[in-house]
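So the chains spell out like this:
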Amino acid sequence: MNYKETTEYLFNSTPVFEHVGASAYKEGLHNILALDEHFGHPHRLYKTIHVAGTNGKGSCSHSLAAMLQKKGYKVGLYTSPHIIDFRERIRVNGQCISEKAVIDFVEKERNFFEPLHPSFFELTTALAFKYFAEQKVDIAVIEVGLGGRLDSTNIITPILSIITNISFDHTQFLGNTLPQIAYEKAGIIKKGIPVIIGEYTKETRPIFESKAKEKSCPICFAQDNQEIIYSEADKTGGRTYKTTHFGSFHAELAGDYQVKNMNTLLNAVNVLKAQGIDLSDEICALDHVTALTHLIGRWMEVNRLPKAICDTGHNVGGWQYLVPQIKAQPCKQLRIVFGMVDDKDIDTVMGMLPKQAIYYWTQATTKRAVPADKVSDKALQYGLSGHIYKSVKEAYSHALAEADNADFIFIGGSSYIVADLLSSVEK
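Predicted model only: the values in this text are computed from it and were never measured.

### Re the overall build of the protein
Within the protein, the regular secondary structure consists of 16 helices and 17 strands. For the protein, the C-alpha radius of gyration of 21 Å lies close to 22 Å, the compact-globule estimate for 427 residues. The principal-axis extents of the C-alpha atoms in the protein amount to approximately 55 × 55 × 40 Å. Here the protein, with 427 residues, has 58% of them falling under the buried criterion. When the accessible surface of the protein is summed, it comes to about 17500 Å², and 50% of that surface belongs to carbon and sulfur atoms. With 45 positive and 48 negative side-chain charges, the protein shows a spacing of 2 Å between the two charge centroids.

Structure representation (structure tokens):
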């Protein structure tokens, strides 16, 4: 098989959550443990940092990887989902896993893993851990896929665990209350291993404290250790920070939500320093995250005039930061290309969206997408008006064509909306 055929095999012969949703979720670690044993426990050959949370874990993972790279470490980075190409999930020093490595893995190992009937994520996790060992990485930043306690990545024993925040998402798997979701996320806390909690509520803090006490590990609540004194977005993109222990610096990621991510990250830097990994002089790497790790889709500019921004924020926790930032954009007319997938709280998000915008309702090319006509019908209940478009490319093209240079266009609602957009722009 060539690379295209190999990825199609992975997508079509294993249950893929991004494609089919709940039916792809496999509870328990038995499959990943069998794969891990088969490959000789590759994740034990390098240090790891484990990152969980409802929102922000991708940005934190990429930022931390960028700083580690700048320090001179050979760094593995495992994240999900991918935006354009499957290989984005597995990187070493920012470079995607090679097509050949993906092909060879499937061809050489399918006789072993096919009888296990692993999920797509289980298989991808095994591939990532094996690839990082083969590449002899010094350290790997591992982003949790879903939850924590039963996530395939949770077989590692990291040097640091990070849980960015807790809000409602994937409730069909993780629970319908914040304490239930926090319990699942807290499952990554390991015996004696430091853990950082980025944000907490009065409901979730006791869950984390209890788990940390059970595991006899030091716990740091970044929310109580504010490193950031002041931050503002730049007109040219990015953000300027004034901090307690790291001075003033500029960071590339511009979303308002990045301020809390940054506070979590800087607390992680403090904890890592106590372990002999001093990244204090690598703060400059935060101004080059996209170049170092090729992060895409976070408050990302896709057109200059009119200004068009896309963002992968896809749940209530993400939109509570996106909406104020969208409203704050100086513009003649606000235009929003929007679609969501079927396991998100579309009602709450719809209730948050700006009323004054012109909307372009659409759907991504995933079976989980809410049909654009249903999105439009739902929007009418919230006083939002717009037209229906069969694809993200068509919706964005109409928004661009109708916009004045002084307008502002936002594209989002789902990672898959952004994926379709960037795939069409790239072509």
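Next, the rest of the story.
### A closer look at the environment of His245
Within the secondary structure layout, His245 lies in the loop between strand S10 (239-243) and strand S11 (248-251). Under the relative-accessibility criterion, His245 is labelled exposed at 61%. Sequence separation between His245 and Glu209 is 36 residues, and the spatial gap between their C-alpha atoms is 26 Å. Here Glu227 takes part through its side chain, which lies 2.8 Å from a polar atom of the side chain of His245.

### Some words on the sheet that holds strand S17 (residues 408-412)
Within a sheet, adjacent strands bond to each other through the backbone by hydrogen bonds, running parallel or antiparallel. The six strands are arranged S12-S13-S17-S14-S15-S16 in an open sheet whose pairing can be described as mixed. Looking at strand neighbours, the two that pair on one side only are strand S12 (300-303) and strand S16 (386-388), the edges of this open sheet. Looking at each pair of strands side by side, their axes are set apart by 20° on average, direction ignored. With five bridges connecting them, strand S13 (residues 307-311) and S17 associate as parallel partners.

### Some remarks on the pairing of S12
Where S12 and S13 come together, three bridges link them in antiparallel fashion. Paired with Met300 across the two strands is Cys310, which belongs to S13. Taking the residues between adjacent antiparallel strands as the criterion, S12 and S13 are bridged by three residues.

### As for the nonpolar core
Within the largest apolar cluster, 38 residues are counted, with the highest numbers of intra-cluster contacts made by Ile49, Leu68, Leu160, Phe249, Met262 and Leu286. If you list the elements that add at least two residues to this core, you get strand S1 (47-52), helix H4 (57-71), strand S2 (75-78), strand S5 (139-143), strand S6 (160-163), S11 and helix H10 (258-274). Take this core: its biggest share by element is seven residues, from H10. Leave out the neighbours within four places in its chain, and Leu286 touches Ser63, Met67, Phe249, His250, Ala251, Glu252, Met262 and Leu265. Counting 35 residues, the second largest nonpolar core, distinct from the first, contains Phe86, Ile90, Val92 and Val102.

### Concerning the domain arrangement of the protein
Accessible area lost upon the coming together of the parts is a frequently used measure of interface size. What the domain assignment lists for the protein is domain 1 (3-293) and domain 2 (300-426). Each of domain 1 and domain 2 was reduced to a C-alpha centroid, and the two centroids are 27 Å apart.

### Let's talk about the state of the cysteines
The final tally for this structure, using the stated rule, is zero disulfides. Residue Cys310 stays outside any disulfide, its sulfur separated by 17 Å from that of Cys331, the closest cysteine. Here Cys310 falls in the buried class, since its relative accessible area comes to 0%.

### Quick look at the packing of helix H5 (residues 99-113) against helix H6 (residues 120-134)
Where H5 contacts H6, the axes come no closer than 11 Å and their chain directions differ by 120°. As far as their axial angle goes, H6 and H5 are oblique. Two packed elements cross with a definite hand, and for H5 against H6 that hand is right-handed. Of H6, the residues touching H5 (which contributes Ala101, Phe105, Glu109 and Phe113) are Leu123, Leu127, Lys130 and Tyr131. Looking at the contact of H5 with H6 residue by residue, the class counts come to six nonpolar, no polar and two charged.

### Overview of the packing of aromatic side chains
Overall, the coordinates contain 16 aromatic pairs when judged by the stated rule. Ring geometry for Phe11 and Phe120: centres 5.4 Å apart, planes at 35°, overall tilted. Taken as a pair, Phe11 in helix H1 (residues 3-13) and Phe120 in helix H6 lie far apart in primary sequence, 109 residues in all. By the burial criterion, Phe11 is buried, and Phe120 matches it. Here the aromatic cluster, defined as three or more aromatic residues joined through ring pairs, consists of Trp299, Trp319, Phe338, Tyr359, Trp361, Phe408 and Phe410.

Cut-offs applied
Residues numbered from 1 in each chain as written. Predicted model: local features only at pLDDT ≥ 70, side-chain atom pairs only at ≥ 80, totals over all residues. Heavy atoms only, no water. Helix = DSSP H or I, 4+ residues; strand = E, 2+ residues; numbered from the N terminus. Rg over C-alpha atoms; globule rule 2.2 N^0.38 Å. Buried < 20%, exposed > 50% of the residue type's maximum accessible area, 1.4 Å probe, protein only. Areas by Shrake-Rupley, 256 points an atom, 1.4 Å probe, with all protein chains shown as cover. Lys, Arg positive; Asp, Glu negative; His and termini not counted. Charge placed at Lys NZ, Arg CZ, Asp CG, Glu CD. Polar contact = N/O pair within 3.5 Å; in protein donor to acceptor, adjacent residues only side chain to side chain. Pairing = 2+ DSSP bridges. Axes fitted to C-alpha atoms, helices over the stretch in contact; angles between N-to-C directions. Core = buried A, V, L, I, M, F, W, Y, C linked by side-chain atoms within 4.5 Å. Contact = heavy atoms within 4.5 Å. Domains from an automatic or database assignment. Disulfide = S-S within 2.5 Å. Parallel < 35°, antiparallel > 145°, perpendicular 65-115°, else oblique. Left-handed = near helix turned anticlockwise from the far one by under 90°. Nonpolar A, V, L, I, M, F, W, Y, C, P; charged D, E, K, R; others polar. Phe/Tyr/Trp six-rings, centres within 6.5 Å; stacked < 30°, edge-to-face > 60°.

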